Amino acid sequence: MQVGNYGWEDSIEISSNITWTPKLPQNFQKKFGYSIIQYLPLLMYGNNNINLQGAGSYLAVLDTVDSGARHVNDYRSVLADGYQEYLTELTNWTNSYLNLQMSAQVSYNLPMDAEASIPFVNAPESESLQFEDKIDSYRQYSGPANLAGKRVVSIELGAIATKAFIYTLPNLLRQFNLAVCGGVNQAVLHGQAYSGEYYATTWPGYNSFSWLISENYNNKHPYWDNGFAEVLEYMGRVQYVQQTGVPKVDVVFYNKVSATAPYWDVQYQFSDLSDAGWTYSYLSPENFKFPQATVQNGVFAPEGPAYKAMVITSSSNMTLSGVRYIQGYADAGLPIIISGGNPSPYPSVDDQEAILASISKLKASKNVYSVGKGEIASKLTSLGLVPNAAVHTNGTCHSTWRQDDHNSVGYAFIMCEGGYSTGTLRVPTKATPSVLDAWTGEERPILSYSLDSSGFTTIPISLASNQTMIVAFRSKPINGTGNLGFHATSLPPNALGCNLIEDKEIVVQLAAPTSSLPQGNSVVLSNGAQYAINQNTTLSSSFLLSNWSLTVEHWEAPVSLLNVSIQAIKHNTTHHLGSLVSWLDVPAIANTSGVGYYSTSFSWPPAQGSADGAYIKFSPILNAVRLYINGKRIPPFDPNAPKADIGPYLRNGENDVLAVVPSTMGNYLNTILSRARNGDGSITIFGLLGVPITPTDQGLVGDVAIIPYQEMRIKG
């Protein structure tokens, strides 16, 4: 194979009455010493494709304590053995004969413990459709992969039911960011870039799942050439960082299930760990068989995730081998926390009384602690443990930590899941921090932080909803910033930014004080110096841009809907807007899809006051935006936090602003929905259901503000 990286297998979607192989009875007899044949009625329920088929029509039980669950669990164990043998052979063949790695969406939909089989391919893959953006679910998937040293944990990204042609780029970004927080570090976009002629198919072209599932990425989407590249480049840079070094995770949960739920149910329902800045993932006791599952100096899997503690919840199903492994980990110094009460034995061929006795022995052992539900974080703190990268904010934020020992760099990835949040990132390191801008590819020194006597670096952060940041901690600072000799430890609330000039001085950008950005008194430096703020009392206040002109490039179907090769028939209309509202609120373009060109201008410097430069700030972007000031393109920025320093682009006099904003195609496609065909001549799934595509807001909405600033230069 000359081209390619992976052989790939999708999630298992084979239907059956009972998942079975000809040799399964023989393998079962060999492993457990009894025949499964007499228990076949027990297997007729919930042992098919548990996602596509449902559990079944008939449930047989035994008049035993566990109602026969042990025999079902034993069967599933043998089934997993055979599946792992299959994955091993397929992976070896792909590696040897095709010279490719093997990627697969391992196990889920089948009646078995998925975590046990995840390590058996080179690059295990999850998907956004069945994981439903649940960070906890991704943590279940990434845990076994990280333990086994898999460099890549992939995701089939962007598949969402009923969102074809209306799935926006910020939503795609949100899905990607949440998956990254759960340990995923490679995205493969769902959909195909096919746009040519196809049997019995009308414009805009063939769409898999008959328009039911998003998204077929091709040039029939207005954002294809107007913002999509920036999103892909962002993802690529995040992936680069997340595939560098080794993922380090604070805590591991013991997690044994008989069959993993198709939609990967959340296992830990409390927020104490996330609120306190701890990261965690999950392992099945089947993963303890791997050679990486050892304890050194009180750390589990020290060359891999380097877990500081293991948690067993009261809902856990303890296998005999699992509890014996954990006993050994506790004896070797790993803290074991039992949360919410005693776990239960896992029904199987194992002696249930032996499991209970082993649990009692474990609870009485050194390094084993019992706590109430939701009290894990406080116990970790009382043990003197600290998170790798603790984010403390007034909102909901998540983090990951990767350690590149070869280059002496650590990387923190942070995402704000909830509303706008402010707080700190606290990391146990003295290394010099810098921010990696995944939108531009630039690395800039962080010039405002504190370093305490215990060796902890604390960085103030503020993030909008769904915004992310990457912070690198380098032993050797970038750009010679180690020679600066100082940094700011405290900035005033009205500081918009802080830049380094020629590795010699810090420039603080100060906005005119407002109720939300009050003026501070000084800038405090790490060398103890304080610089009083003598703010220009004539500094211009922020102002809103108005008098917008909107030229809409309409994207419409060709006269013959069978002419699929045409991108779109395009024509322009111009509209003058008193305020920036959704296209749905402008009757002339309510059913329009295409590209909006928003233009206005403002005078600089402002008539009232003075300034050294300015930021431009948008309301959150609905889909994508490309910004030009005086004909020069501004570097890309996060659509979730759309703000940019435009000081270098300003000129005296009139300054022209152009924002290029693509829509999705759904609003226009609604107008031709009744004539659309897909693949076999049938109407789309929306037509079959009698449901139109949901109309969605499009265009540039909300306020666009210019925020002037004054520069304060500090040389230490």
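Throughout what follows, the structure given in this document is the object of discussion. Quick caveat, the model's predicted, so the values are computed rather than measured.

## Looking at the environment of R713
Tracing the backbone through its elements, the reader meets R713 in strand β39 (residues 704-714). R713 sits in the partly exposed class, given a relative accessible area of 47%. Note: C-alpha distance between R713 and E505 (208 residues apart in sequence) is 6.6 Å. Excluding residues that lie within four positions of it along the chain, R713 makes contacts with I501, E505, I506 and V507. At 3.5 Å, the side chain of R713 forms a polar contact with the side chain of E711.

## Remarks on the pattern of salt bridges
Scanning all chains against the criterion turns up 17 salt bridges. Note that R444 is salt-bridged to D437, the shortest N-O span being 3.5 Å. The exposure class of D437 is buried, given its relative accessible area of 18%. One salt bridge connects R713 with E505, and the closest N-O pair in it is separated by 2.8 Å. Remark: E505 occurs in strand β27 (residues 505-511) and R713 occurs in strand β39; sequence separation between them is 208 residues. Residues joined by salt bridges that share partners form a network here, namely D113, K256, E286 and K289.

## Digging into helix α10 (residues 352-363)
The first and last C-alpha atoms of α10 sit 17 Å apart over 12 residues, in line with the 16 Å expected at 1.5 Å per residue. Inspection of α10 places I355, S358, I359 and L362 among the buried residues, and these make up the whole buried set. Seen along its axis, α10 keeps its buried residues to an arc of 105°; they face one direction. Exposed residues on α10 whose side chains face more than 90 degrees from its buried face are E353 and K361. At its buried positions, α10 is contacted by β11 (309-313), β12 (317-318), α9 (320-331), β14 (344-345) and β15 (368-371).

## Details of the sheet that holds strand β35 (residues 626-629)
Ordered in space as β32-β31-β33-β38-β35-β36, the six strands form an open sheet in which the pairing is antiparallel. Strands with a single pairing partner mark the edges of an open sheet, and in this sheet they are β32 (569-577) and β36 (632-633).

## Some points on the packing of helix α1 (residues 24-32) against helix α2 (residues 69-97)
Orientation of α1 relative to α2, taken along the N-to-C sense of each, is 110°, at an axis distance of 10 Å. Between α1 and α2, the crossing angle belongs to the class labelled roughly perpendicular. The two elements α1 and α2 meet at a crossing, and its hand is right-handed. Where α1 approaches α2, its residues L24, N27, F28, K31 and F32 are matched on the opposing element by H71, D74, Y75, S77, V78, L79 and D81.

## What about empty space enclosed by the protein?
Over the atoms, a rolled probe matching the size of one water molecule traces out where space is still vacant. Scanning the entire structure with this criterion turns up four cavities of 30 Å³ or more. Empty space within the largest cavity amounts to approximately 160 Å³. Along the walls of the largest cavity sit 18 residues, with C181, G182, G183, V249 and T400 positioned nearest its centre. Contributions of two or more residues to the lining of the largest cavity are made by α5 (135-147), α6 (169-181), β6 (246-248), β8 (280-283) and β17 (397-404). Looking at which element gives the most residues to the lining of the largest cavity, the answer is β17, with four residues. Tallied by class, residues from the lining of the largest cavity come to six nonpolar, nine polar and three charged. For the second largest cavity, the calculated volume is near 130 Å³. The wall of the second largest cavity is formed by 16 residues, among which E230, W439, A624, V625 and F637 lie closest to the centre. Those elements giving two or more residues to the lining of the second largest cavity turn out to be α7 (228-242) and β35. Each residue belonging to the lining of the second largest cavity can be placed in one class, and the counts come to 11 nonpolar, two polar and three charged.

## Side note on unusual backbone geometry
Going from S214 to E215, the amide bond is cis rather than trans, its omega being -5°. Assignment of secondary structure puts E215 in the loop between β5 (186-189) and α7. For the bond from W604 to P605, the omega torsion is -5°, close enough to zero to count as cis. By secondary structure assignment, the location of P605 is in the loop between β33 (594-604) and β34 (613-618). Although it is not a glycine, S67 adopts a positive phi angle of roughly 60°. Located in the positive-phi region is W264, a residue other than glycine, with phi close to 50°.

## Some points on the packing of aromatic side chains
A complete count under the given rule lists 40 aromatic pairs for this structure. Ring geometry for Y268 and F270: centres 5.6 Å apart, planes at 50°, overall tilted. Put simply, the rings of Y254, F288, F300, Y307, Y325 and Y329 touch in pairs and so form one group of aromatic residues. Positioned above the aromatic ring of F456, the side-chain terminus of R426 is 3.8 Å from the ring centre. One Lys or Arg, K643, reaches over the ring of Y615 and ends 5.2 Å from the middle of that ring.

## So, a nonpolar patch on the surface
Where nonpolar side chains cluster on the molecular surface, the patch consists of Y45, L59 and V61 and spans about 300 Å² of accessible area. Overall, Y45 belongs to the partly exposed group, its relative accessible area being 33%.

## Re the pairing of strand β24 (residues 468-474)
Here β24 lies mainly inside the structure; seven of its seven residues are buried. The alternating pattern of β24 places T468, I470, A472 and R474 on one face and M469, V471 and F473 on the opposite face, and all of these are buried. Pairing of strand β18 (residues 409-416) with β24, which is carried by seven bridges, proceeds in the antiparallel orientation. Its bridge partner being in β24, Y411 is matched across the sheet by A472. Alignment of strand β20 (residues 432-436) against β24, held across five bridges, turns out to be antiparallel. Looking at β24, one finds that S434 is bridged to A472.

## With respect to the sheet that holds strand β23 (residues 457-463)
Taken together, four strands build an open sheet; the order of strands is β16-β19-β23-β22 and the sheet is antiparallel. Edge strands, defined here as strands with exactly one partner in the open sheet, are β16 (390-393) and β22 (450-451). Taken together, the seven bridges between strand β19 (residues 421-427) and β23 define a ladder with antiparallel strand orientation. Bridge pairing in β23 links S421 to L463.

Reading the values: rules and limits
Each chain carries its own residue numbering, running from 1 in the direction its sequence is written. Local features are withheld for residues below a pLDDT of 70 in this predicted model, meaning they are given only at 70 or higher, and side-chain atom pairs are given and counted only at 80 or more; totals for whole chains, interfaces and linings count all residues. Only heavy atoms go into the side-chain values, all of them from the structure, while hydrogens and water stay out. Secondary structure is summarised from DSSP: a helix means a run of H or I of at least four residues, a strand means a run of E of at least two, and numbering begins at the N terminus for each. Only protein chains enter the accessibility calculation, which uses a 1.4 Å probe. A residue is then buried if its area is under 20% of the maximum for its type, exposed if over 50%, and partly exposed in between. Contacts were defined at the residue level, with two residues in contact if any of their heavy atoms lie within 4.5 Å. N or O atoms closer than or at 3.5 Å make up a polar contact, with two conditions inside protein: a donor-capable atom paired with an acceptor-capable one, and, for residues adjacent in sequence, both atoms drawn from side chains. A pairing counts as a salt bridge when a side-chain nitrogen of Lys or Arg comes within 4 Å of a carboxyl oxygen of Asp or Glu. What a helix should span is 1.5 Å times the count of its residues minus one. The arc in question is the one traced by the directions running from the helix axis out to the C-beta atoms. Two strands qualify as a pair provided that DSSP identifies no fewer than 2 bridges between them. Axis lines are fitted to C-alpha atoms, over the contacting stretch for helices. Their N-to-C directions set the angle, which ranges from 0 to 180 degrees. The scheme is simple: roughly parallel for angles under 35 degrees, roughly antiparallel for over 145, roughly perpendicular for 65 to 115, oblique for anything else. Should the near helix be turned anticlockwise from the far one by less than a right angle, the crossing is termed left-handed; should it be turned clockwise, right-handed. Here a cavity means grid points, on a 1 Å grid over the protein atoms only, where a 1.4 Å probe fits yet cannot get out; a pocket means an open set of points with protein on both sides within 12 Å along at least five of seven lines; lining residues are those with an atom within 4 Å of a point. Grid points are joined across faces, edges and corners, and a volume is the space filled by probe spheres set on the points. Residues are grouped as follows: nonpolar covers Ala, Val, Leu, Ile, Met, Phe, Trp, Tyr, Cys and Pro; charged covers Asp, Glu, Lys and Arg; every other residue, Gly included, is treated as polar. Side-chain rings of Phe, Tyr and Trp, where Trp is taken by its six-membered ring, are said to pair if the distance between their centres is within 6.5 Å; with planes under 30 degrees apart they count as stacked, over 60 as edge-to-face, and otherwise as tilted. Charge over a ring is defined by NZ of Lys or CZ of Arg lying within 6 Å of the ring centre and within 35 degrees of the ring normal. The patches described consist of residues with a relative accessible area above 30% and no salt bridge, like charges being joined within 9 Å and nonpolar side chains (Val, Leu, Ile, Met, Phe, Trp, Tyr) within 5 Å. Where accessible areas are quoted, they stem from the Shrake-Rupley method and a 1.4 Å probe; at the residue level, only the protein chains shown are allowed to cover.

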